[in-house]
Amino acid sequence: MNPTSCGRIFALALAASALGAGAALAAEPGMSEFKHARQNFSVAYPQDWRLGSFKDGPDFQALSNAGKGPEECNVNATSVSGADYLDRINKERMLNTIRYAVKDAQFAEWRRQTLGQRWGVYYIVNGTTPRQGYRQTTLGFQVVVGSKLYTLSCSAPAQRFEQNRPIFEKILSTLAF
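Residues numbered from 1 in each chain as written. Predicted model: local features only at pLDDT ≥ 70, side-chain atom pairs only at ≥ 80, totals over all residues. Heavy atoms only, no water.

Enquirer: When you look at helix α3 (residues 91-98) in this model, what are you seeing that I'm missing?
Expert: One turn of the α-helix equals 3.6 residues, which is why residues spaced by three or four share an orientation. Taken residue by residue, α3 has M94, L95 and I98 as its buried positions. Buried positions in α3, seen along its axis, are confined to an arc of 100 degrees and lie on one side of it. Residues E92 and T97 are exposed on α3 and point more than 90 degrees away from its buried face. Next to the buried residues of α3 lie β6 (106-115), β7 (118-128) and β8 (135-145). (Buried < 20%, exposed > 50% of the residue type's maximum accessible area, 1.4 Å probe, protein only. Helix = DSSP H or I, 4+ residues; strand = E, 2+ residues; numbered from the N terminus. Arc of directions from axis to C-beta. Contact = heavy atoms within 4.5 Å.)

Enquirer: What's the story with the pattern of salt bridges in this structure? I'm lost.
Expert: Opposite charge on two side chains permits them to pair, given that their charged atoms come into close proximity. Inspection of every chain in the model, using the stated rule, returns seven salt bridges. Between R160 and E71 there is a salt bridge; the shortest N-O distance is 2.6 Å. Taken together, the residues span a long stretch of sequence, with R160 in the loop between β9 (148-157) and α4 (161-174) and E71 in the loop between α2 (64-67) and β5 (72-79) at a distance of 89 residues. By relative accessible area, E71 is classed as buried at 3%. (Salt bridge = Lys/Arg side-chain N within 4 Å of Asp/Glu carboxyl O.)

Set out below in structure tokens:
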């Protein structure tokens with residue numbers, strides 16, 4: 001195993017172990033915490049990022065570079081049929097859904113893993129953004145809590161994704177309900 005693979009495995013193991021800690025990581029230096037009372041979740045993000053808001057946008061969005069991006073993370077909460085919703089999701093079905101927004105989307109990673117005591121779907125997807133027209137890589141995680149599907153996604157231009165992946169993993173590790 002090469003050093004890069006070992007580093008990724010360590011980072012994923014660290015993120016997985018921190019998933020149980022949830023919002024406790026928000027108190028970590030350099031991180032701010034966002035709490036959404038209506039959708040019942042919290043997530044931490046780097047203090048030098050800025051919150052974004054849209055009339056019909058995600059329930060949470062933070063952008064790097066003091067709000068100018070291009071790196072960004074968001075959380076969307078949507079109603080689903082129940083706690084077993086993710087039981088019916090497979091790699092192909094999820095990819096077809098993503099392709100509505102990113103026509104040439106391809107998974108680099110896709111697996112089921114836990115977030116605290118809840119299991120979900122973790123993925124890395126590459127594709128071209130339709131509006132900006134650049135290659136983007138997105139780290140995503142979907143988890144069902146009650147009858148809500150929470151989707152956290154963090155994106156960066158493809159050539160910058162690996163340098164941003166540790167902070168994206170850290171943000172994911174703070175998602176709590």
